[in-house]
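# Topology and contacts: notes
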Amino acid sequence: MTTIIDLLQADGINPVHASLDEHHSPCPECGGKDRFSCWPHAKNRNGQYMGGRFVCRQCGLHGDAVAYLMKRQGMDFRAACTAIGIDQPALDVAATIQHGWDPSPPKPEPCEKWQDKANHFLLSCIDALQRHPEIIEWLHIERGLTDETIRRFRLGWNPKDQWADRQAWGLPEAVKPDGKAKKLWFPAGLVIPYFPGGRVIRLRIRRHNPGDGSRYVVVSGSSCKAMEIGRTKQAVVIVESELDAILVAQEAGDMLDTVAMGSAQAKPDAALHDRLMNDSLVLVGLDSDTAGAAVTWTFWHRYPGFKRWPAIRGKDPCEMMRTGVPIRAWIEAGTNTTKSLIRYQDKGNK
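Numbers given for residues are sequential positions, taken from 1 along each chain in its written order. Where local features are concerned, this predicted model is filtered to residues with pLDDT of at least 70; where side-chain atom pairs are given and counted, the filter is 80 or more; whole-chain, interface and lining totals use all residues. To obtain the side-chain values, all non-hydrogen atoms of the structure were included, while hydrogens and water were left out.

The subject of this paragraph is the overall build of the protein. Where helices and strands are cited, they refer to DSSP runs of H or I of at least four residues and of E of at least two residues respectively, numbered from the N terminus. Within the protein, the secondary structure is distributed over 13 helices and 16 strands. Dimensions of the protein, computed from the C-alpha atoms along their principal axes, are close to 70 × 55 × 35 Å. To sort residues, take the accessible area from a 1.4 Å probe on protein chains only and compare it with the maximum for the residue type: under 20% means buried, over 50% means exposed, and anything in between is partly exposed. Burial status across the protein gives 49% buried among its 350 residues. The contacts of the protein with a sequence gap of at least 6 include a subset with a gap of at least 24, amounting to 55%. Total accessible area on the protein stands at roughly 16800 Å², and carbon and sulfur atoms take up 51% of it. The contact rule is simple, with two residues in contact once any of their heavy atoms fall within 4.5 Å. Exposure was quantified through the Shrake-Rupley algorithm and a 1.4 Å probe, taking into account, for residues, occlusion by the shown protein chains and nothing else.

Structure below.
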């Protein structure tokens, strides 16, 4: 069977034996010297031997020999297994483990009546935002958004709690525990719509004063699919918050697409999953907290273009921006187009 050592040598890299089964070499991805380690006889996390394992302690590239071929040569999973010489029974078992999680098919979007009502509500909130300069200033300072971006993403402001009849929005009637009809609730706060193709399919409201309640409320009937900003590039960054995604799109949308999952626990549907399997770079920038770090390594590593890329000096892109770290430099460093973020970090640490 072809090992990770063989693959590295085929790429012109000659690992040096360090100790026992460990070998060191420059990284074929980032070029970092002696930060790349490989173990040609190691099994993967599922106890299978897949040609050995590797990790770069500088750029985060890691996996087994199969993952190496998927990343470096663009092979699909089965072709990579065949290339390193995994026999058919083992390949079938490996494929079962690789695809043990089945993405759910995309759920139906809200009905036309809901979309029409949502668009009408959103227009009133966009108009209301212009009468609240203090909220616009908050978006400028705390979220780093320009007036052009605020208009582009149709952000709005709902000045007070509102309720509507569910059936008027095309939703089935619902009853509260006391037997009274349940209303559709629109809490006061910043209105963040999702409108792919111009159709409003989700209204998420960020409450400025949630008290003991949730900071974010998704209006009933909304689509739960991830927000995708751009679908044309082979590089994408995954974040949690839609406001984070909007900021990244504003600062680096010419470099890569952006996806907001809505939470660390959210998973891609089948359509997004297929896209991510074909992207050459998937920067996973989920929040720099316990939940974000855990799901990054237990779920997102399955994508061939996976690269962990959390925010620095902050838990998310907006917080990072407020500490003075340039969003574009963060993306440039993640896509290996420049070393500007490394230089920035070095300068800040002096």
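Among the structural elements, Asp64 can be located in strand β5 (residues 62–64). The sign given to each residue is positive for Lys and Arg and negative for Asp and Glu; His and the chain ends receive no count. Basic side-chain nitrogens of Lys or Arg form a salt bridge, by our definition, when they fall within 4 Å of a carboxyl oxygen of Asp or Glu. For the buried Asp64, which has no salt bridge, the nearest side chain bearing the opposite charge is Arg53, at an N-O separation of 4.5 Å. Counted as a polar contact is a pair of N or O atoms within 3.5 Å, where, for protein atoms, one must be capable of donating a hydrogen and the other of accepting one, and residues adjacent in sequence contribute only when both atoms are in side chains. Here Ala67 takes part through its backbone nitrogen, which lies 2.9 Å from a polar atom of the side chain of Asp64.

This brings us to helix α9 (residues 270–278). When α9 is considered as a whole, its buried residues turn out to be Leu272, His273, Arg275 and Leu276. Burial along α9 is one-sided: seen end-on, the buried residues are contained in an arc of 165 degrees. Against β12 (227–229), β13 (235–239), β14 (257–260) and β15 (281–284) lie the buried residues of α9. By definition, the arc is the one covered by directions from the helix axis to the C-beta atoms.

Moving on to the packing of aromatic side chains. Here the distance between the centres and the angle between the planes together describe a pair of aromatic rings. Put simply, two rings from Phe, Tyr or Trp (the six-membered ring, in Trp's case) pair if the centres are within 6.5 Å, and we call them stacked under 30 degrees between planes, edge-to-face over 60, tilted for the rest. Following the criterion strictly, the structure yields eight aromatic pairs and no others. Ring geometry for Trp114 and Trp169: centres 5.6 Å apart, planes at 75 degrees, overall edge-to-face. Within this pair, whereas Trp114 is found in helix α5 (residues 112–129), its partner Trp169 is found in the loop between β7 (162–164) and β8 (184–186), the two being separated by 55 residues in sequence. With relative accessibility at 0%, the residue Trp114 sits in the buried group. The buried category is assigned to Trp169, whose relative accessible area is 5%. Ring centres 5.8 Å apart and planes at 40 degrees place the aromatic pair Trp300 and Tyr303 in the tilted group. Looking at Trp300, the relative accessible area reads 0%, which means it is buried. Clustering of aromatic rings is evident, with ring pairs tying together Trp114, Phe121, Trp169 and Phe186. To sit over a ring, a charge needs its Lys NZ or Arg CZ within 6 Å of the ring centre and within 35 degrees of the ring normal. The ring of Phe195 has Arg154 sitting right over it, with the charged end atom 5.1 Å from the ring centre.

The next subject is the sheet that holds β15. Across the sheet, which stays open at both edges, the five strands sit in the order β12-β14-β13-β15-β16 with mixed pairing between neighbours. Looking along the sheet, the strands with just one partner apiece sit at the ends: β12 and β16 (306–308). Taken pair by pair, the neighbouring strands of this sheet meet at an average axis angle of 20 degrees, ignoring direction. Two strands qualify as a pair provided DSSP detects at least 2 bridges between them. Note that β13 and β15 share four bridges and pair parallel. Along β15, the bridge assignment pairs Val237 with Leu283. All axes are obtained by fitting lines to C-alpha atoms, using only the stretch in contact for helices, and the reported angles, taken between N-to-C directions, cover 0 to 180 degrees. Along the sheet, helix α8 (residues 242–252) makes contact with β12, β13 and β14, crossing β14 at roughly 170 degrees.

This brings us to the pattern of salt bridges. The final tally for this structure, using the stated rule, is 17 salt bridges. Glu242 serves as the salt-bridge partner of Arg204, at 2.5 Å between the closest nitrogen and oxygen. Taken together, the residues span a long stretch of sequence, with Arg204 in strand β10 (residues 202–206) and Glu242 in helix α8 at a distance of 38 residues. Across the pair, Glu242 and Arg204 agree in class, each one buried. Here Asp257 and Arg275 are joined by a salt bridge, their closest N and O atoms 2.7 Å apart. Here the residue Asp257 occupies a position in strand β14, and Arg275 occupies one in helix α9, the gap between them amounting to 18 residues. With a relative accessible area of 1%, Asp257 lands in the buried category.

Two strands pair when backbone bridges link them, and strand β3 (residues 36–39) and strand β4 (residues 53–56) are joined in this way by four bridges, in the antiparallel orientation. The residue bridging Ser37 from the neighbouring strand is Val55, located in β4. In this sheet, β5 lies alongside β4 in antiparallel orientation, the contact comprising three bridges. Bridge pairing in β5 links Phe54 to Gly63. Count of turn residues in the β4/β5 antiparallel hairpin: five residues, of which Gly60 carries a positive phi of about 90 degrees.

Attention now goes to the nonpolar core. For this analysis, a nonpolar core means a set of buried residues of the types Ala, Val, Leu, Ile, Met, Phe, Trp, Tyr and Cys, connected via side-chain atoms within 4.5 Å. Within the largest apolar cluster, 40 residues are counted, with the highest numbers of intra-cluster contacts made by Leu139, Leu145, Leu155, Leu190, Val237 and Ile331. Of all the secondary structure elements, the ones that give two or more residues to this core are α6 (133–143), β9 (189–194), β12, β13, α8, β15, α11 (317–322) and α12 (327–334). Considering each element in turn, this core owes the most residues, seven residues, to α8. Once you skip the residues sitting within four places of it in the chain, Ile331 turns out to touch Val237, Val248, Ala252, Met255, Leu256 and Leu283. Leu7, Met50, Leu61 and Phe77 belong to the second largest nonpolar core, which has 24 residues in total.

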